[in-house]
Amino acid sequence: MKRIYFDYAATTPVDKRVLKEMEPYFSEKFGNTMSLHSFGQEAKLALDQSRQVLADLINAKPNEIIFTSSATESNNLALKGVALATRKLDSRFHGNDNAHIVISSIEHPCIMESAKWLAKNGFEITKLPVDKYGRVNPKDVERAITEKTILVSVMHASNEIGTIEPIEEIGKICRQKGVYFHTDASQSFGKIPIDVEEMNIDLLTASSHKMYGPKGAGLLYVRNGVKIEPILHGGGQENGMRSSTVNVPAIVGFAKATEICKAEMKREGVRLAKLRDKLIKGVLKIKGAKLNGDPRNRLPNNINVSFPSIEGESLIIHLDLYGIACSTGSACSSAKLEPSYVLLAIGLKPEEAHGSLRISLGRQTTEKEIGYFLKVLPKIVEKLKKMSPFKL
Ligand SMILES: Cc1ncc(COP(=O)(O)O)c(C=O)c1O
């Protein structure tokens with residue numbers, strides 16, 4: 001049976017062109033970037049060139065890019081790094097006064113858990129609500145900022161419901177108020193344009209494996225002048241901000257993946273949005289189906305729908321029997337069988353949130369696959385509805 005992958009938001013396959021670019025850095029060009037000999041310098045050159053490519057995509061300077069292992073690490077570094085640096089350097093917080101951080105209520109678990117850890121360690125956290133489409137209201141950001149606020153972190157686009165947040169407006173407010181603005185762009189990086197200058201972004205997270213690069217590479221953009229404290233201490237790599245021998249093959253792959261995404265962004269965005277809209281139209285013909293997320297401001301590759309009275313997990317298993325791979329929400333939390341906090345935050349009842357399905361499209365998605373999915377899904381939904389003990 002041919003398998004169909006509709007879970008590109010969880011991870012993507014490595015593009016063959018990326019793999020080819022990476023290969024020499026596992027074998028002939030395997031040097032350590034900190035070594036002074038030619039092997040080291042060869043690796044260092046590749047690292048510098050990669051940094052330039054990544055910086056160019058978002059209109060940053062190369063020295064503002066810190067390579068990490070993942071978006072999880074970058075998000076931890078952003079929140080904890082800013083928090084700890086403030087506590088150390090800002091005399092306002094040398095007494096018992098708690099510094100304050102604002103996040104949204106639909107952030108990825110790695111932001112949520114970092115914020116929770118900071119709350120346990122004496123920082124004050126505000127979680128902003130979102131509207132029924134999952135959008136943060138910039139006015140809420142403005143109202144939440146106090147004289148103790150040091151950082152606002154609002155994701156660029158939701159990994160679950162695809163909603164694109166008004167980060168340009170939020171960035172502007174943060175700049176006016178003198179508060180750092182961080183955005184988790186793991187799902188948008190390489191898919192839609194980002195300009196850290198125009199958008200007033202001070203810190204930004206991205207992950208290679210979400211955009212046809214390898215796993216094991218991420219980045220944190222940190223605007224020059226923003227103070228952060230490192231979390232990994234050691235040999236002083238990445239300008240002292242992230243010690244550990246640099247993963248050159250993965251970073252070279254990350255850069256090649258970025259070049260490809262940049263070159264193909266416009267065309268691929270239009271192609272995916274067309275497929276997405278066709279899929280949404282088809283799915284909404286199923287009785288009771290409801291689209292989650294913003295109908296207009298959403299990622300070109302994301303569809304999230306709820307079906308009353310059926311379990312999302314049963315849907316996934318039945319779709320898998322037809323060779324179709326989807327997800328109920330974020331890959332990290334979908335194994336927990338708890339209703340998604342993101343769907344609850346946009347106002348879904350727990351039983352509605354349980355019946356949700358995320359379909360995320362990508363480079364290999366074809367019209368034929370969409371057609372097959374739209375043929376199979378109504379049958380599965382019908383079958384599961386009949387079996388369901390709930391009647392909504
Ligand atoms: C929005 C968002 N942030 C962070 C992450 C974590 O990414 P990584 O797997 O690179 O740690 C993900 C991945 O699921 C994500 O979608």
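Residues numbered from 1 in each chain as written. Predicted model: local features only at pLDDT ≥ 70, side-chain atom pairs only at ≥ 80, totals over all residues.

All right, on to the nonpolar core then. Grouped together as the largest cluster of nonpolar side chains are 82 residues, with contacts concentrated most on Ile101, Val152, Ile170, Tyr221 and Ile251. When residues of this core are assigned to their parent elements, the largest contribution, eight residues, is made by helix 7 (residues 248-283). Composition of this core by domain shows at least three residues from each of domain 1 (4-11 + 265-387) and domain 2 (16-259). Discounting chain neighbours no more than four positions away, the residues touching Ile170 are Val136, Pro138, Val141, Val152, Val154 and Phe181. The next biggest cluster of nonpolar side chains, apart from the first, holds 24 residues, and it includes Tyr8, Ala9, Leu319 and Leu377. (Core = buried A, V, L, I, M, F, W, Y, C linked by C-beta atoms within 7 Å. Buried ≥ 20, exposed ≤ 12 C-beta atoms within 10 Å, placed from the backbone. Helix = DSSP H or I, 4+ residues; strand = E, 2+ residues; numbered from the N terminus. Domains from an automatic or database assignment. Contact = placed C-beta atoms within 7 Å.)

For strand 10 (residues 302-306), the tally of buried residues reaches five of five residues, placing the bulk of the element in the interior. Side-chain alternation along strand 10 places Asn302, Asn304 and Ser306 on one buried face and Ile303 and Val305 on a second face that is also buried. Here strand 9 (residues 290-291) pairs with strand 10 via two bridges, running antiparallel. Looking at strand 10, one finds that Leu291 is bridged to Val305. Sheet analysis places strand 10 next to strand 12 (residues 356-360), joined by five bridges and oriented antiparallel. The residue bridging Asn304 from the neighbouring strand is Arg358, located in strand 12. (Pairing = 2+ DSSP bridges.)

Looking now at the pairing of strand 7 (residues 203-207). Of all five residues in strand 7, five are buried; the element is thus mostly enclosed. Residue alternation in strand 7 divides its side chains into two sets, Leu203, Thr205 and Ser207 and Leu204 and Ala206, and both sets are buried. Relative to strand 7, strand 6 (residues 180-184) runs parallel, the two being bridged by three bridges. By the bridge assignment for strand 7, Asp184 is matched with Thr205.

Two elements in contact, helix 7 and helix 11 (residues 367-387), have axes separated by 10 Å at closest approach and are oriented at 15°. Comparing the axis directions of helix 7 and helix 11 gives the class roughly parallel. Judged by the sense of rotation from one axis to the other, the crossing of helix 7 with helix 11 is right-handed. Of the residues in helix 11, those in contact with Leu275, Lys278, Leu279, Gly282 and Val283 of helix 7 are Glu367, Ile370, Phe373, Leu374 and Leu377. Per-class residue counts for the contact of helix 7 with helix 11 are seven nonpolar, one polar and two charged. (Axes fitted to C-alpha atoms, helices over the stretch in contact; angles between N-to-C directions. Parallel < 35°, antiparallel > 145°, perpendicular 65-115°, else oblique. Left-handed = near helix turned anticlockwise from the far one by under 90°. Nonpolar A, V, L, I, M, F, W, Y, C, P; charged D, E, K, R; others polar.)

A few words now on the domain arrangement of the chain. Along its sequence, the chain is carved into domain 1 (4-11 + 265-387) and domain 2 (16-259). Taking only C-alpha atoms into account, the centre of domain 1 sits 28 Å from that of domain 2. Tallying the contact residues gives 25 residues for domain 1 and 26 residues for domain 2. Every element with two or more residues in the side of domain 1 that touches domain 2 is listed here: helix 7, strand 10 and helix 9 (341-345). Tallied by class, residues from the side of domain 1 that touches domain 2 come to eight nonpolar, 13 polar and four charged.

Turning next to the sheet that holds strand 12. Each strand in a sheet pairs with its neighbour through backbone hydrogen bonds, running either in the same direction (parallel) or in the opposite one (antiparallel). Spatially, the three strands line up as an open sheet ordered 9-10-12, and their pairing is antiparallel. Two strands close off the open sheet at either side, each with one partner strand: strand 9 and strand 12. The sheet strands contacting helix 7 are strand 9, strand 10 and strand 12, and the helix crosses strand 10 at an angle near 10°.

A separate point is the environment of Ser340. Within the secondary structure, Ser340 is located in the loop between strand 11 (324-325) and helix 9. Residue Ser340 is classed as buried on the basis of its 26 C-beta neighbours within 10 Å. When the C-alpha positions of Ser340 and Asn239 are compared, they lie 38 Å apart, and in sequence the two are 101 residues distant.

Negative phi characterises most residues that are not glycine, and trans characterises most peptide bonds. Although it is not a glycine, Asn200 adopts a positive phi angle of roughly 55°. Tracing the backbone shows Asn200 in the loop between strand 6 and strand 7. One non-glycine residue, Tyr212, adopts positive backbone phi at about 70°. One can find Tyr212 in the loop between strand 7 and strand 8 (218-222). On the basis of neighbour counts, which here come to 28 C-beta atoms within 10 Å, the residue Tyr212 falls in the buried class.

Our next topic: the packing of helix 2 (residues 38-57) against helix 7. Following both chains from N to C, one finds helix 2 and helix 7 inclined at 35°, their axes separated by 9 Å at the closest point. When you trace helix 2 past helix 7, the crossing you get is left-handed. The residues of helix 7 that touch helix 2, namely those facing Ala43, Ala46, Leu47, Ser50, Val53, Leu54 and Leu57, are Val248, Ile251, Val252, Phe254, Ala255, Thr258, Glu259 and Lys262. When its residues are assigned to classes, the contact of helix 2 with helix 7 shows 11 nonpolar, two polar and two charged.

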